[in-house]
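An overview of the molecular structure
For reference, the chains in residue letters:
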Amino acid sequence: MVHQIDVPRPDDAAPVGRTQLRAWLQTYPNEAAEIDEAWIHEHRGSTVTAEGIDQWREFIEGALRQPDLLFCRVVRSGGEIVGFLCGRRDDVVTLGPMYLLDEAQGRGTGGRLMGEFLEWARGAPMRLWVTDYNEKAIRFYQRYGFRITGERELWRGRLPNVRMARAPEPGEGRIVSGAPQEASRCPAE
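One structure accompanies this document, and this report is about it. Throughout this document, residue positions are counted from 1 along each chain, in the order its sequence is written. pLDDT decides what is reported in this predicted model: residues at 70 or higher carry local features, side-chain atom pairs at 80 or more are listed and counted, and totals for whole chains, interfaces and linings draw on all residues regardless. Note that water and hydrogens are dropped before the side-chain values are worked out from all heavy atoms of the structure.

Next up on the list: the environment of Arg88. Note on conventions: DSSP H or I runs of at least 4 residues are helices, E runs of at least 2 residues are strands, and numbering of each starts at the N terminus. By the element assignment, Arg88 lies in strand β3 (residues 80-89). The buried label applies to any residue whose accessible area, calculated with a 1.4 Å probe on protein chains only, is under 20% of its type's maximum; exposed applies above 50%, and partly exposed to all values in between. Judged by relative accessible area, which is 6%, Arg88 ranks as buried. For the pair Arg88 and Asp68, spaced 20 residues apart in sequence, the C-alpha separation works out to 8.6 Å. Polar contacts, as used here, are pairs of N or O atoms within 3.5 Å; protein pairs need one atom able to donate a hydrogen and one able to accept it. Residues neighboring in sequence count only if both atoms are side-chain atoms. Within the structure, the side chain of Arg88 is placed 2.8 Å from the side chain of Asp90, a separation counted as a polar contact.

What follows is the structure, encoded as structure tokens:
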């Protein structure tokens, strides 16, 4: 199956929300953390509600208006959205959320998405949050130079996350243009 990476359109907001919920249901159930499908629906089910879809639409529209401050790409397969990567530029570049459904993994698509993100980031320092038991994601980010910082958070009192950061690579030029502007937050934050 071919995976095409695209800039999303505002009418992709509902499919992005559905993909996010599906990815959470595939990725985060964990007995030790007491995270099950009911907990996920309670805390992430809003991504498929009218309000959640509006938040995604606003972010996508913001990324179209301010592509230097907001990044968003979707992965399409057979007309369906099977993944996405978003980020924003503030004092550092924040990566996230990034999700690929199980059926889209293992085909190099995540690496292609990350390549587009790193090109957009232009060598700026980066950070992200990742769930500490999502070892597959941690290894993926480490391949791209991210390191665990030791900073931790317990999202919604239950989901254990660790901070990862990436320093600029030697030779990566940081382009700074104009005064900083207010960037929208990704709906998943």
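A few words on helix α4 (residues 109-121). Every α-helix carries 3.6 residues per turn, so stepping three or four residues along brings you back to the same face. In a helix, the anticipated span is given by 1.5 Å times the number of residues less one. The end-to-end C-alpha separation of α4 is 18 Å, in line with the 18 Å expected for 13 residues at 1.5 Å each. What α4 keeps buried is the set Thr109, Gly110, Leu113, Met114, Phe117, Leu118, Trp120 and Ala121. At the C-terminal side of α4, Arg122 shows a positive phi close to 55°.

Here we take up the side chain of Thr19. Along the chain, Thr19 turns up in helix α1 (residues 13-27). The exposure class of Thr19 is buried, given its relative accessible area of 4%. There is a polar contact of 2.8 Å between the side chain of Thr19 and the backbone oxygen of Ile81. When checking whether two residues touch, look at their non-hydrogen atoms; a contact exists if any pair is within 4.5 Å. Setting aside chain neighbours within four positions, we find Thr19 in contact with Ile81, Val82, Gly83, Phe84 and Leu101.

Another aspect to go through is the pairing of strand β6 (residues 147-155). Here, any two strands with at least 2 DSSP bridges between them count as paired. As paired elements, β6 and strand β7 (residues 159-166) share six bridges and run antiparallel to each other. Looking at β7, one finds that Trp155 is bridged to Leu159. Between β6 and the antiparallel strand that follows it, β7, lie three residues; Arg156 among them carries a positive phi value of about 55°.

A separate point is the layout of surface pockets. Definitions used for this entry: grid spacing 1 Å over protein atoms alone; cavity, a set of points where a 1.4 Å probe fits but cannot get out; pocket, an open set with protein on both sides within 12 Å along at least 5 of 7 lines; lining residue, one with an atom within 4 Å of a point. Grid points are joined across faces, edges and corners, and a volume is the space filled by probe spheres set on the points. For the largest pocket, the calculated volume is near 1000 Å³. Around the largest pocket, the lining is made up of 43 residues, and of these Tyr28, Met98, Tyr99, Ala137 and Tyr141 lie nearest the centre. Secondary structure elements with two or more residues in the lining of the largest pocket: α1, β4 (93-100), α4, β5 (126-131), α5 (135-143), β6 and β7. Here the lining of the largest pocket gets seven residues from one element, more than from any other, and that element is β4. Following the grouping adopted for this structure description, the nonpolar residues are Ala, Val, Leu, Ile, Met, Phe, Trp, Tyr, Cys and Pro, the charged ones are Asp, Glu, Lys and Arg, and the polar ones are all others, Gly among them. Within the lining of the largest pocket, the residues separate by chemical class into 17 nonpolar, 14 polar and twelve charged.

Moving on to unusual backbone geometry. In the segment running from Gly96 into Pro97, the intervening peptide bond is cis, with an omega of 5°. Within the secondary structure, Pro97 sits in strand β4. In this structure, Arg122 is a non-glycine residue whose phi angle is positive, near 55°. As for its position among the elements, Arg122 is in the loop between α4 and β5. Taking the relative accessible area as the measure of exposure, Arg122 reaches 26% and is therefore partly exposed. The phi angle at Arg156 is positive, at roughly 55°, despite the residue not being glycine.

What follows deals with α5. The set of residues buried in α5 consists of Ala137, Ile138, Phe140 and Tyr141. Angular distribution of buried residues about the axis of α5 spans 160°; they occupy a single face of the element. Those residues of α5 that are exposed and angled more than 90 degrees off the buried face are Glu135, Lys136 and Arg143. For α5, the elements touching its buried residues are β4, α4, β5, β6 and β7. Two residues or fewer after α5 comes Gly145, characterised by a positive phi angle close to 90°. Of all possible arcs, the one meant is that of the directions from the helix axis to the C-beta atoms.

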